[in-house]
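Here are the chains, one letter per residue:
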Amino acid sequence: MHQRNTSSASPIFRILSYDPGQPRGHEKAIGYERTDRLDDIFAQADIVTLHCPANDETRGILGAEGFSRLKPGAILVNTARGELLDDLDALEA
C-alpha cells in the first residue's frame, strides 16, 4: 500500500527522473524532481528503475562504470529491455 505524507515535514520519498524527452515543466505537473544527468540518480537513489526502449541511445546505458556509481545498497529494477544493461559480471566484483 502506498502511503502519502500529509504533514508539513519532509516527504516519505522523493522521485527523481532523467528523461531528456520530456519537456521542461513536466516534472512540476506530475510531481517529480528532474535531473539533468543519470549520474545524479545513480548517486542519490535507493531504487533505480529503467523504463525506456532499447535503441542506439539506450543500449548499454548502465554498465560497469554506471554500476560503480550506484549508491551503496541501491536496488536496480529493469522494467525495460535487457540490452540496457551491459557487463553484468561487474556486479559480482
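Residues numbered from 1 in each chain as written. Predicted model: local features only at pLDDT ≥ 70, side-chain atom pairs only at ≥ 80, totals over all residues. Heavy atoms only, no water.

## Brief notes about the overall build of the protein
Looking only at helices and strands, the protein features three helices and four strands. Along its sequence from the N terminus, the protein presents helices and strands in the succession β-α-β-α-β-α-β. Expressed as a percentage of its 93 residues, the buried residues of the protein come to 22%. Considering only contacts in the protein between residues 6 or more positions apart, those separated by 24 or more positions represent 47%. Carbon together with sulfur atoms contributes 50% to the accessible area of the protein, which is approximately 7000 Å² in total. (Helix = DSSP H or I, 4+ residues; strand = E, 2+ residues; numbered from the N terminus. Buried < 20%, exposed > 50% of the residue type's maximum accessible area, 1.4 Å probe, protein only. Contact = heavy atoms within 4.5 Å. Areas by Shrake-Rupley, 256 points an atom, 1.4 Å probe, with all protein chains shown as cover.)

## Notes on the pattern of salt bridges
Summed over all chains, the structure comprises nine salt bridges. When salt bridges that share partners are traced, they join Arg37, Asp39, Asp40, Glu65 and Arg69 into one network. (Salt bridge = Lys/Arg side-chain N within 4 Å of Asp/Glu carboxyl O.)

## Quick word on the environment of Ala43
Topologically, Ala43 is positioned in helix 2 (residues 38-44). Separated by 31 residues in the primary sequence, Ala43 and Ala74 place their C-alpha atoms 9.2 Å from one another. Excluding anything up to four places from it in sequence, Ala43 contacts Arg69 and Lys71.

## Some details on the pairing of strand 4 (residues 75-78)
With four bridges connecting them, strand 3 (residues 47-50) and strand 4 associate as parallel partners. When the bridges of strand 4 are listed, Thr49 appears paired with Val77. (Pairing = 2+ DSSP bridges.)

## Some remarks on the confidence of the model for the protein
Summing up the model confidence of the protein, the mean pLDDT is 84 and the portion of residues at 70 or higher is 84%. By mean pLDDT, helix 3 (residues 64-69) is the weakest element of the protein at 87, and strand 2 (residues 33-34) is the strongest at 94. (pLDDT = per-residue confidence, 0-100.)

## What to know about the nonpolar core
Nonpolar side chains in soluble globular proteins generally cluster together in the buried interior. In this structure, Leu16, Ile41, Phe42, Ala45, Val48, Leu50, Leu62, Phe67, Leu70, Ala80, Leu84 and Leu85 together form the largest nonpolar core, which totals twelve residues. Leave out the neighbours within four places in its chain, and Ala80 touches Leu50, His51 and Cys52. (Core = buried A, V, L, I, M, F, W, Y, C linked by side-chain atoms within 4.5 Å.)

## Some details on the pairing of strand 3
Only one face of strand 3 is covered, namely the one carrying Val48 and Leu50; the face carrying Ile47 and Thr49 has none of its residues buried. As a crossover connection, the stretch from strand 3 through helix 3 into strand 4 is right-handed. (Right-handed = clockwise from strand over helix to strand, strands pointing away.)

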